[in-house]
Every structure is written in C-alpha cells, then in structure tokens.
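Now for the letters of each chain:
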Amino acid sequence: MAHFTTTLETKARAVDAFSYLADFANARHWDPTVTHARRIGRRPIGEGSRFEIELGTRLRPIRLSYTLTRYEPYRLIMLEAETSFFRSLDTIEIEEQSSGARVHYDADLRPYGAVVLFDLPMHLAFQLSGRRSARGLARALDGLATRNAPKRARRKRAASAKSSRHTRSAAG
C-alpha cells in the first residue's frame, strides 16, 4: 500500500487551518499533482460533503470523487475516494498550539486487484508527490496565517476600544 504521512507546524490558527483543509477544493492551491478541484453541491461543508479532484499523471488524468466521512470541527477531517483500481483515505488531525497549529496529514492509497503488483513503485511515487504536497501545504497554511493576522489585529483593537469606551462611560 502507498502511504505518506507528515506533521507540519504552522502559524495559522487551528480554526483557520481546519476550515481551509475541510474545503478539499483548496487542494488545487497546495498540491501540485491536483490539476482541478471543486466542491460538489452548495450545502455547508460537513460530513457527506463531496469534492471532485483531478490528478495529473504521466499516463492520463485521474478523476477522484472524495467524500468527507468524518468532520470534527477544528480537530479531525477524514476524506475517502474509491476507484476500480484503488481506495484513497486522507486523515487530517489538527491541534491548537500556542503559536498556531500542528497539522498531521496521513494519506493512504490501497490498490485493488492486479494494481497490487505496482504497489512498490506507487509507494515510491507517492513519497515524492507527498513531500511536494507537504511543502505546498505548509506555504498555504502560513500564507493563511499572514492574510488573517491583520483581521485579528483589527478585531482585537476594536474590542479593546469598545471595552475602554465602556469603562470610561461607566466611570463617568
């Protein structure tokens, strides 16, 4: 079975990392093997949400339909896709840290039938693409932290100003 796992430390808050990763259509922004990704349907993201992902390969594109099978806000995301050749299971665990979040990503590709004969080459290729994807994910999450930092600072200043106005009016 082809398997890749990585753990990333990011400056992004756990809530932001979770929201970004739960929308699996975002994979097109951080996974260089993804040539197309879209969310299927309009309902809020949660268990049962579906995503269509297209992987560019040397032979031909592979289209996968992922289903979000476990959704535990700000903590756990599990996505599954199945073709006639293999089953893909991606498990993403997110843990709040003092300076951001720790993201553990586990990708498991289980071949079916005669494809099992290509398990070792698939595993080696999965390691290479997994490392590239992990670097892209780290950049995307850190970029998310950078983009959201000014918003948090403005909210904090507004809350502080509101609090000091309230304190002054109560004292007066």
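Let me begin by describing the structure that accompanies this report. None of these values were measured; they are calculated from a predicted model.

## Examining the packing of aromatic side chains
- Applying the stated criterion to the full structure yields 5 aromatic pairs.
- Geometrically, the ring pair formed by Phe 18 and Tyr 74 is edge-to-face, given 5.6 Å between the ring centres and 70° between the ring planes. With Phe 18 in helix α1 (residues 14-22) and Tyr 74 in the loop between β4 (62-72) and β5 (76-82), the pair connects residues that are 56 residues apart, well separated along the chain.
- Under the relative-accessibility criterion, Tyr 74 is labelled partly exposed at 45%.

## Some points on the sheet that holds strand β1 (residues 2-10)
- Read from one edge to the other, the open sheet built from 7 strands follows the order β1-β7-β6-β5-β4-β3-β2, with strand pairing classed as antiparallel. The outermost strands of the open sheet, each flanked by one partner alone, are β1 and β2 (34-40). Going across the sheet, the axis of each strand differs from the next one's by a mean of 20°, ignoring polarity.
- Sheet analysis places β1 next to strand β7 (residues 100-111), joined by 9 bridges and oriented antiparallel. Across the sheet, the residue bridging to Glu 9 is Arg 102, located in β7.
- Contacts from α1 reach β3 (50-55), β4, β5, β6 (86-97) and β7 within the one sheet, and its direction differs from that of β6 by about 165°.

## Notes on the pairing of β5
- Across the 7 residues of β5, 5 count as buried, placing the element largely inside the fold.
- One ladder, built from 5 bridges, connects β4 with β5; its direction is antiparallel. Bridged to Thr 67 within β5 is Glu 80.
- Between the end of β4 and the start of β5, which pair antiparallel, lie 3 residues, with Tyr 74 showing a positive phi angle near 65°.
- Inspection of the sheet shows β5 paired to β6 by 7 bridges, in the antiparallel sense.

## Points about the environment of Gly 136
- With respect to the helices and strands, Gly 136 occurs in helix α3 (residues 119-171).
- As for Gly 136 and Trp 30, which are separated by 106 residues in sequence, their C-alpha atoms are 4.4 Å apart.

## With respect to the nonpolar core
- Core analysis: the largest hydrophobic core is formed by 38 residues, its most contacted members being Leu 21, Phe 24, Trp 30, Ile 77 and Ile 94.
- Not counting residues up to four positions away in its chain, the partners in contact with Ile 77 are Phe 18, Leu 21, Ala 22, Leu 68, Arg 70, Asp 90, Thr 91, Ile 92 and Ile 94.

## Some words on the pairing of β4
- For β3 and β4, the ladder comprises 6 bridges, and the chain directions are antiparallel. Bridged to Leu 55 within β4 is Ile 62.
- Hairpin geometry of β3 and β4 is characterised by an intervening segment of 6 residues between the two adjacent antiparallel strands.

## Details of the environment of Ser 133
- Checked against the element boundaries, Ser 133 lands in helix α3.
- By relative accessible area, Ser 133 is classed as buried at 10%.
- Separated by 103 residues in sequence, Ser 133 and Trp 30 place their C-alpha atoms 6.2 Å apart.
- If we ignore the near neighbours within four places in the chain, the residues touching Ser 133 are Trp 30, Asp 31 and Pro 32.

## Some points on the environment of Val 15
- You can see Val 15 is positioned in helix α1.
- Among the residues examined, Val 15 registers a relative accessible area of 25% and is labelled partly exposed.
- In this structure the C-alpha to C-alpha distance between Val 15 and Tyr 74, which are 59 residues apart in sequence, comes to 5.1 Å.
- Non-local contacts of Val 15, meaning those with residues more than four positions away in its chain, are made with Tyr 74 and Glu 96.

Criteria and thresholds
- Residues numbered from 1 in each chain as written.
- Predicted model: local features only at pLDDT ≥ 70, side-chain atom pairs only at ≥ 80, totals over all residues.
- Heavy atoms only, no water.
- Phe/Tyr/Trp six-rings, centres within 6.5 Å; stacked < 30°, edge-to-face > 60°.
- Helix = DSSP H or I, 4+ residues; strand = E, 2+ residues; numbered from the N terminus.
- Buried < 20%, exposed > 50% of the residue type's maximum accessible area, 1.4 Å probe, protein only.
- Pairing = 2+ DSSP bridges.
- Axes fitted to C-alpha atoms, helices over the stretch in contact; angles between N-to-C directions.
- Contact = heavy atoms within 4.5 Å.
- Core = buried A, V, L, I, M, F, W, Y, C linked by side-chain atoms within 4.5 Å.

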